[in-house]
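# Tertiary structure, described
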Amino acid sequence: MTPTHYLAAVRNVLDHIERTQLPAIDRAADLVVHALTHQGAVFCAEIGHSNQNDFINRAGGLAAVQAYHCKADIGERTAKGLDRKNPDRDLETIRFGVQTSNLRAGDVLALGSVSGKNRAPVELALACRAKGVKTIGFTSFAYTAKVESLHPSGKKLIDVVDVALDNGAPYGDAAVEIPGYEHKLLPVSGVAMVTLGHMLWGRVAEKMAALGRPATTFQSINRAGGPEFYKQMLEQYEQRGY
């Protein structure tokens with residue numbers, strides 16, 4: 001039955017994360033903790049199909065995690081998304097966005113790409129490295145091992161971030177065989193990406209508390225007194241920086 005088969009596929013990637021990713025999560029958490037305890041900031045860019053939205057302003061989440069966006073009109077485009085006159089203009093836009101953004105040396109940026117091959121996340125990580133910003137990459141190691149990079153450097157996301165987190169998704173992402181279809185259906189990377197992220201932020205919260213500097217966290221605004229508590233926590237974060 002497809003619903004239970006999908007649950008089995010999800011359990012498989014979650015088991016993979018538990019077996020293999022705890023050391024990497026710990027290293028990534030150390031990057032974030034160092035930033036928060038040294039007047040740095042933590043940003044979250046695209047993490048595969050907008051999964052990053054589950055980390056921003058969420059009940060039980062860290063107030064420190066801020067959204068990073070860089071959008072610009074880069075001119076006439078082909079079907080492959082490149083400017084006909086300047087095929088690297090999209091990369092120039094990303095570099096310009098990082099250079100002129102609020103990102104500072106010592107900050108941390110989390111970003112992702114399921115396949116790890118696409119131009120934008122690789123360029124974003126490289127631009128952050130040039131600015132002294134540490135990066136945490138969410139990707140699929142199995143997927144990225146079977147694809148070629150679209151970035152001019154030939155590098156994939158796993159090659160250019162400070163810490164790479166493996167979401168355990170298979171090549172192609174879809175994980176369930178359903179009779180009547182020639183290929184597998186139903187992706188698992190979204191569940192895995194969100195799980196990895198909350199594991200990371202939870203480890204950060206744990207480490208901050210152990211240092212005697214518990215991180216500012218939110219509760220649901222739908223609880224009694226929720227909006228007032230949210231405002232209070234925002235003010236606390238702005239004052240403390242963590």
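These remarks concern the structure in this document. (Residues numbered from 1 in each chain as written. Predicted model: local features only at pLDDT ≥ 70, side-chain atom pairs only at ≥ 80, totals over all residues. Heavy atoms only, no water.)

## Re helix α7 (residues 189-210)
- Its 22 residues give α7 an end-to-end C-alpha distance of 31 Å, which sits within 8% of 32 Å, the value for a rise of 1.5 Å per residue.
- Remark: glycine 212 follows α7 within two positions and exhibits a positive phi of approximately 80°. (Helix = DSSP H or I, 4+ residues; strand = E, 2+ residues; numbered from the N terminus. Expected span 1.5 Å × (residues − 1).)

## Overview of the nonpolar core
- Judged by nonpolar contacts, the single largest core of 48 residues is most densely connected at Ile136, Phe138, Trp201 and Val204.
- Going through the elements one at a time, α1 (2-20), α2 (22-36), β1 (42-47), β3 (108-112), β4 (134-139), β5 (163-166), α7 and α8 (226-240) are the ones with two or more residues in this core.
- At 9 residues, the largest contribution of residues to this core is made by α2.
- Excluding its chain neighbours within four sequence positions, the residues that come into contact with valine 204 are Ala29, Val32, Val33, Leu36 and Leu62.
- Counting 19 residues, the second-largest nonpolar core is a separate cluster that includes Tyr68, Val122, Val133 and Ala164. (Core = buried A, V, L, I, M, F, W, Y, C linked by side-chain atoms within 4.5 Å. Buried < 20%, exposed > 50% of the residue type's maximum accessible area, 1.4 Å probe, protein only. Contact = heavy atoms within 4.5 Å.)

## Some details on the packing of aromatic side chains
- Throughout the structure, instances matching the rule amount to 3 aromatic pairs.
- Seen in terms of ring centroids, tyrosine 143 and tyrosine 171 are 5.5 Å apart; in terms of plane orientation they differ by 85°. Their pairing is edge-to-face. Highlighted residues: tyrosine 143 in helix α5 (residues 141-144) and tyrosine 171 in the loop between β5 and β6 (174-176), separated in sequence by 28 residues.
- Exposure remark for tyrosine 171: the relative accessible area of 47% places this residue in the partly exposed category.
- Each ring, one from phenylalanine 218 and one from tyrosine 230, has its centre 4.7 Å from the other, and the planes form 35°; the classification is tilted. Of the two residues, phenylalanine 218 is situated in the loop between α7 and α8 and tyrosine 230 in helix α8; the sequence distance between them amounts to 12 residues. (Phe/Tyr/Trp six-rings, centres within 6.5 Å; stacked < 30°, edge-to-face > 60°.)

## Some remarks on the side chain of serine 101
- Within the element layout of this structure, serine 101 appears in the loop between α3 (89-100) and β3.
- When residues no more than four places from it in sequence are discounted, the contact partners of serine 101 are Tyr68 and Lys131.

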